[in-house]
Amino acid sequence: AVVSTQSTGAREDWKIVRALSEIADVKLPYDTIQELRGHMGAVAPHLLRAGEREEANFFAQAAELSQMGPTHSLSDTPLDAPINTLREFYMTNTISRASQTMARCVKACDDMV
């Protein structure tokens, strides 16, 4: 395999978002990857603990929120989503949509139904 050592001029994703924030006149508060990681650690410290298993804390948050008292009235009407099933689930990504084999599989499934 040949490995190119030439720079492609591509930017890392965070640098693109950072540049766009400046253009939008809402400059993000970091200029280096270290500053970004520091900010991420302040906002979501679990993101910096790679390889560690962490218990879900949704129950603790739910208990804390329930102690705050009612803030909204609840409805007895059940929620109804406009789409309850996703037909052709396997064609929802660009790779599958570009695949002739997947197109034949979907057609075969449609013909069976």
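Definitions and limits used
Residues numbered from 1 in each chain as written. Predicted model: local features only at pLDDT ≥ 70, side-chain atom pairs only at ≥ 80, totals over all residues. Heavy atoms only, no water. Helix = DSSP H or I, 4+ residues; strand = E, 2+ residues; numbered from the N terminus. Buried < 20%, exposed > 50% of the residue type's maximum accessible area, 1.4 Å probe, protein only. Contact = heavy atoms within 4.5 Å. pLDDT = per-residue confidence, 0-100.

(A) Broad picture of the overall build of the protein. From N to C terminus, the protein includes five helices and zero strands. Along the protein, helices (α) and strands (β) appear in the sequence α-α-α-α-α when read from the amino end. Across the 113 residues of the protein, 9% fall into the buried class. Pairs at least 24 apart in sequence give 0% of the contacts found in the protein among residues at least 6 apart.

(B) Structural detail: the confidence of the model for the protein. On average, residues of the protein carry a pLDDT of 79, and 86% of them reach 70 or more. Model confidence for the protein, summarised as mean pLDDT per element, is weakest for helix 3 (residues 58–66) at 77 and strongest for helix 1 (residues 13–23) at 88.

(C) Quick peek at unusual backbone geometry. Of note, Asp 25 is a non-glycine position whose phi angle comes to about 65°, a positive value. Structurally, Asp 25 is set in the loop between helix 1 and helix 2 (33–43). Taking relative accessible area as the criterion, Asp 25 reaches 70% and is therefore assigned exposed.

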